[in-house]
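Observations on chain architecture
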Amino acid sequence: MTPDLQREAVVERLRDGMARGVLSFPLTSFHRDGSLDLDGFRTHVAAQIDAGPGAVFPACGTGEFFSLDEDEYREVVTATVEVAAGRVPVVAGIGYGWAQAARFARIAEEAGADALLVLPHYLVAAPQEGLVAQVEQIAVRTRLPLIVYQRGQVAFSVESLKRLTGVPGVIGLKDGHSDLDRLQRITLSAPEGFLFFNGAATAEIQARAYAAVGVPAYSSAVHAFAPEIADAFFAAHRDGDDDAMNRLLRDFYIPFVELRDRRTGYAVSLVKAAARLRGRPVGPVRAPLTDPSSADLADLEKLLATGLALVPTPAASAGAAL
């Protein structure tokens, strides 16, 4: 199969998955001493995939990509590909400067990943031509399709996005800025078939707003610890059930965001703590992140119980149908 046909096949698989479920970003499991827990990770990824996401994105922000060395990265991506066994697309995170990103891209390609998510580059701000050049340098060094993630110091202009869509291998853009005015201009300027993803923190909060500008697909951190809640929201969003969405937003998602905002780093460590509360073998976060305080853990446990109570169990749903 030619590279163009391979990319088209990946795009179609992603588009199909985006219509069927949320995008899952698994946590990377560590032992208490900080070493990689590959068995725990495999168990966690298997549970994530069994929950039916549209695609799985290992070693990205939620998966603490920034804390992994290259050997660990290889193990994480390889394990994800093996556990997925072709059931869902595997999109691995890559990042830092283009030279290092290309090294991670080669590892992901050798491990069997389907595509790559280009995370924001390291540390420095850069002009638009530099942001585009960064992606171009990565694209010529990998055969895998690229989804570019704009967040933090990376924010593409409409003209830069037009240039990116012409870079061979670039198939989509994940947005974490939530500048809906600019995002609408970008989506309208893109060619037909270019993929867009809502990558806002706790994306469900802004899911309706993103969908209104043509970006219905989104990643869900909640899926990493409560796929029941994430799937219930996705179904309500897909079906236009505003009452169900508002109930979940009011009673779970908004309080979760307020709890997440108490301390820097909780966008990852609070998610990992919630997964541990559900019995998931994910372990602690690695420095520089820190695990939540005991008081915040207590509030998280109560909120998690509230969220799960909002989701009808299969037995209850069957009874209601009768």
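Computed from a predicted structure; not experimentally measured. (Residues numbered from 1 in each chain as written. Predicted model: local features only at pLDDT ≥ 70, side-chain atom pairs only at ≥ 80, totals over all residues. Heavy atoms only, no water.)

Below, the discussion takes up the nonpolar core. Ranked by size, the top nonpolar core spans 71 residues in total, and within it Leu14, Phe57, Tyr73, Ile94 and Leu117 carry the most contacts. Setting aside its immediate chain neighbours within four residues, Tyr73 contacts Ala59, Phe65, Leu68, Ala92, Gly93, Ile94, Phe104, Ile107 and Ala108. Phe233, Ala244, Leu249 and Tyr266 belong to the second-largest nonpolar core, a separate cluster that totals 33 residues. (Core = buried A, V, L, I, M, F, W, Y, C linked by side-chain atoms within 4.5 Å. Buried < 20%, exposed > 50% of the residue type's maximum accessible area, 1.4 Å probe, protein only. Contact = heavy atoms within 4.5 Å.)

Tracing the backbone shows Ala9 in helix H1 (residues 3-20). Accessibility expressed as a relative area gives 33% for Ala9, which makes it partly exposed. For Ala9 and Asn246, which are 237 residues apart along the polypeptide, the C-alpha to C-alpha distance reads 36 Å. (Helix = DSSP H or I, 4+ residues; strand = E, 2+ residues; numbered from the N terminus.)

Turning our attention to the environment of Ala203. Take Ala203: it is sitting in the loop between strand E7 (195-198) and helix H8 (207-212). Using a relative accessible area of 1% as the deciding quantity, one classes Ala203 as buried. In the structure, Ala203 is positioned 27 residues away from Gly176 in sequence and 8.9 Å away in space, judged by C-alpha atoms. Discounting chain neighbours no more than four positions away, the residues touching Ala203 are Asn198, Tyr218 and Ser219.

Each pocket or cavity is described by its volume, and for the largest pocket that value is around 850 Å³. Lining the largest pocket are 34 residues, with Gly61, Thr62, Tyr149, Arg151 and Val268 positioned closest to its centre. Those elements giving two or more residues to the lining of the largest pocket turn out to be strand E8 (219-220), helix H10 (242-260) and helix H11 (266-277). With 3 residues, H11 is the largest single contributor of residues to the lining of the largest pocket. Here the lining of the largest pocket is built from residues that sort into 19 nonpolar, 12 polar and 3 charged. (1 Å grid on protein atoms, 1.4 Å probe; cavity = no way out; pocket = protein on both sides within 12 Å on 5 of 7 lines; lining within 4 Å. Points joined across faces, edges and corners; volume = space filled by probe spheres on them. Nonpolar A, V, L, I, M, F, W, Y, C, P; charged D, E, K, R; others polar.)

Once that is clear, we can look at the packing of H10 against helix H12 (residues 294-309). For the pair H10 and H12, the least separation of the axes is 9 Å and the interaxial angle reads 165°. Compared by their axis directions, H10 and H12 come out roughly antiparallel. Considering the relative orientation of H10 and H12, their crossing is left-handed. Taking contact as the criterion, the partners of Asp251, Phe252, Pro255, Phe256 and Leu259 in H10 are, on H12, Asp296, Asp299, Leu300, Leu303, Leu304, Thr306 and Gly307. Tallied by class, the residues present in the contact of H10 with H12 amount to 7 nonpolar, 2 polar and 3 charged. (Axes fitted to C-alpha atoms, helices over the stretch in contact; angles between N-to-C directions. Parallel < 35°, antiparallel > 145°, perpendicular 65-115°, else oblique. Left-handed = near helix turned anticlockwise from the far one by under 90°.)

A few words now on the sheet that holds strand E5 (residues 146-150). With parallel pairing, 5 strands are arranged side by side in an open sheet as E3-E4-E5-E6-E7. Only two strands of the sheet have a single neighbouring strand rather than two, namely strand E3 (91-94) and E7. Ignoring which end each strand starts from, the neighbouring axes of this sheet average 25° apart. In this sheet, E7 lies alongside strand E6 (residues 170-175) in parallel orientation, the contact comprising 4 bridges. (Pairing = 2+ DSSP bridges.)

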